[in-house]
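Examining the three-dimensional arrangement
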Amino acid sequence: MADLLKLLLRVSEKAANVARVCRQEAPLFQLLVQEKTGDDKNKKFVQDFKTLADVVIQEVIRNDVGAQFPEMVGFIHGEESNKFQNGLGECVTVTVRSTEEDTATLLATVLDGDLTAATLLARAIHQDPVTINTSTDGLTVPLNPSELGIWIDPIDATSQYIEGREEVVEDGHLSPSGLHCALVLIGVYLRSTGEPVMGVINQPFNHKDPASGSWQGKIFWGVSCSDINVCSVSRPKSLTTGSQPLSVVLSSSEKQAVKETLALLCGPEKLMYASGAGYKILCVIQGLADAYVLSEGSTFKWDSCAPHALLRALGGGVVDLTKSLECDSDVKVELTYHQPYSEGKGADRWANYGGLVAYGDSSQLSIIIRALKGKL
Ligand code: 2IP
Ligand code: CA
């Protein structure tokens, strides 16, 4: 299944191109940032162009994976539904057609006939990415497509993507917000057990090329199955050694009780905040934080599946916080990806409803769980 990884790297790059094009091309950018409300609202236009861009990315991935691995059709899930309704109540199912022209024609129907925008979007979808700067040579993955499912988050941290603040991020440093927090996430899990076994994280806005002024991306990937654990990131030995306190990253909207408890454990300097569920797990993958703690059920399977696979490949993982607090602090209740939360409705069925802790080192996880016991 190294072929599946190669394909996911390629489609993630296509997705990253679409994300970059939507910000670079003026007619698309206009649509991305504009809110159509009140009298200005064109009833033939889909409510939300951002969602359309997300759906288009998701469909590109679904289309390409399904074409090469037909056994996986029906098991490729994403955050968005591809059915759109415009203000006139007309329904359109957005799919990727076999030619660029056909895709453009279809997209124009949900863009109120805006053929310029539709053509630009269709061109990005149908363009093959140039080269992928990451090697998977010599990797063999003992998995069969008929045992696998996929979770796609076309763009995680959409608010940062739309806002588009350009931060200069220093290597080895976590930066709380900005375009670099927006990520394409593609995770693969085992249908039988729900374990995450392969993940691709594409960061479309990693750095700006000073010569051309255009954005360059970066791809991270990992495989964790049987005794194979391979990751494109070599994690620096934890920054936490000996007497050094733990470092933890949180959502700025985290509960006060969690903030206070972890501030006592980490000290104010080592308690950090960042946007994007995927970006926060990526910070743990890169060793920029020891853990990411989230007490709410505000992330979903598509947010955590891909980065979870990379953390597993590095010897870490992502556990359910609520369940972990109920168990002995050394028991690890890892998140799984194959079953919905039966009490949830709609998208909430796929929420990580017990919250989570993403960690690189299990002894650090135990310290965090012990600290949070009885505090939530
Ligand atoms: C969001 C996004 C948010 C995150 C939220 C995710 O996904 O990653 O940033 O909240 O949990 O579901 P926070 O940044 O507070 O951690 P999306 O952007 O795809 O809706
Ligand atoms: Ca998301």
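None of the values given here were measured: they were computed from a predicted structure.

Criteria and cut-off values
- Residues numbered from 1 in each chain as written.
- Chains lettered and ligands numbered in written order.
- Predicted model: local features only at pLDDT ≥ 70, side-chain atom pairs only at ≥ 80, totals over all residues.
- Heavy atoms only, no water.
- Phe/Tyr/Trp six-rings, centres within 6.5 Å; stacked < 30°, edge-to-face > 60°.
- Helix = DSSP H or I, 4+ residues; strand = E, 2+ residues; numbered from the N terminus.
- Buried < 20%, exposed > 50% of the residue type's maximum accessible area, 1.4 Å probe, protein only.
- Near = heavy atom within 4 Å.
- Polar contact = N/O pair within 3.5 Å; in protein donor to acceptor, adjacent residues only side chain to side chain.
- Areas by Shrake-Rupley, 256 points an atom, 1.4 Å probe, with all protein chains shown as cover.
- Nonpolar A, V, L, I, M, F, W, Y, C, P; charged D, E, K, R; others polar.
- Axes fitted to C-alpha atoms, helices over the stretch in contact; angles between N-to-C directions.
- Parallel < 35°, antiparallel > 145°, perpendicular 65-115°, else oblique.
- Left-handed = near helix turned anticlockwise from the far one by under 90°.
- Contact = heavy atoms within 4.5 Å.
- Core = buried A, V, L, I, M, F, W, Y, C linked by side-chain atoms within 4.5 Å.
- Donors = N, O, S within 2.8 Å, 3.2 Å for Na, K, Ca; no water.
- 1 Å grid on protein atoms, 1.4 Å probe; cavity = no way out; pocket = protein on both sides within 12 Å on 5 of 7 lines; lining within 4 Å.
- Points joined across faces, edges and corners; volume = space filled by probe spheres on them.
- Pairing = 2+ DSSP bridges.
- Salt bridge = Lys/Arg side-chain N within 4 Å of Asp/Glu carboxyl O.

1. Quick look at the packing of aromatic side chains
Using the criterion set out here, one finds 6 aromatic pairs in the structure. Geometrically, the ring pair formed by Y341 and Y353 is stacked, given 3.6 Å between the ring centres and 15° between the ring planes. Of this pair, Y341 sits in the loop between α10 (321–326) and β13 (356–359) while Y353 sits in the loop between α10 and β13, and the two are 12 residues apart along the sequence. A relative accessible area of 38% places Y353 in the partly exposed class. Ring-pair connections join several aromatic residues into one group, and the members of that group are W151, F300, W302 and W350.

2. Some words on the site of ligand 1
The environment of ligand 1 is made up of 14 residues, and the closest members are D156, T158, S251, G276 and K280. The separation between an oxygen atom of ligand 1 and a polar side-chain atom of S251 is 2.7 Å. In the environment of ligand 1, an oxygen atom lies 2.9 Å from a nitrogen or oxygen atom belonging to the backbone of A277. Out of a free accessible area of 450 Å², ligand 1 has 76% covered by protein chains. Contributing elements (two or more residues each) for the shell around ligand 1: β4 (148–156) and α8 (277–285). Among the elements that make up the shell around ligand 1, the one with the highest residue count is β4 (3 residues). Residue composition of the shell around ligand 1, by class: 3 nonpolar, 6 polar and 5 charged.

3. A few points about the packing of helix α1 (residues 2–24) against helix α5 (residues 115–126)
Two numbers describe how α1 lies on α5: the axes approach to 8 Å, and their chain directions differ by 155°. Taken as axis vectors, α1 and α5 run roughly antiparallel relative to one another. As for the relative orientation of α1 and α5, their crossing is right-handed in sense. Judged by residue contacts, K14, V18, V21 and C22 of α1 engage L120, L121, A124 and I125 from α5. Across the contact of α1 with α5, the residue classes break down as 7 nonpolar, no polar and 1 charged.

4. Topic: the nonpolar core
Ranked by internal contacts, the top residues of the largest apolar core, which has 66 residues, are L4, L8 and V65. Looking at this core, the element that brings in the most residues is α1, giving 11 residues. Other than its neighbours up to four places away in sequence, L8 contacts V65, I150, I186, V188, M198 and V200. Within the second largest apolar cluster, 39 residues are counted, among which are W151, F220, A274 and C283.

5. Examining the coordination of the calcium ion (ligand 2)
At this site the calcium ion (ligand 2) is bound by D153 (OD), D156 (OD) and D303 (OD), with donor distances of 2.1 to 2.4 Å. In the primary structure, the donors to the calcium ion (ligand 2) are separated according to the pattern D-x2-D-x146-D. Pair noted here: D156 is in strand β4 and D303 is in helix α9 (residues 301–313), with a separation of 147 residues, a long-range link. The exposure class assigned to D303 is buried, which follows from its relative accessible area of 7%.

6. Let's talk about empty space enclosed by the protein
Across all of its chains, the model carries 1 cavity of 30 Å³ or more by this definition. Every residue along the wall of the largest cavity is listed here: A19, C22, K50, A53, D54, I57, I155 and Y161. Only α1 and α3 (49–68) provide two or more residues apiece to the lining of the largest cavity. With 4 residues, the single largest contributor to the lining of the largest cavity is α3. Residue composition of the lining of the largest cavity, grouped by class: 6 nonpolar, no polar and 2 charged.

7. Looking at the pairing of β4
For β4, a buried count of 9 out of 9 residues is recorded, marking the element as mostly surrounded by other parts of the structure. Where strand β1 (residues 76–78) and β4 come together, 3 bridges link them in parallel fashion. Counterpart to I76 in the pairing with β4 is I150. Bridge count between β4 and strand β5 (residues 183–190): 7 bridges; the pairing is antiparallel. Opposite D156, over in β5, you have L183 as the bridge partner.

8. What about the side chain of N202?
With respect to the helices and strands, the residue N202 is situated in strand β6 (residues 196–208). Residue classification places N202 among the buried residues on the basis of a relative accessible area of 0%. Side chain to side chain, N202 and E13 meet in a polar contact 3.0 Å long. Residues contacting N202, with those up to four places away along its chain left out, are S12, E13, A16, A182, L183, V184, K218 and I219.

9. Brief notes about the pattern of salt bridges
This structure, assessed with the given rule, holds 8 salt bridges. Two residues, R165 and E163, come together in a salt bridge whose shortest N-O distance is 3.1 Å. Residue classification places R165 among the partly exposed positions, given a relative accessible area of 34%. The network of salt bridges with common partners includes E163, R165 and E167.

Without other data, these values stay purely geometric and don't point to any function.
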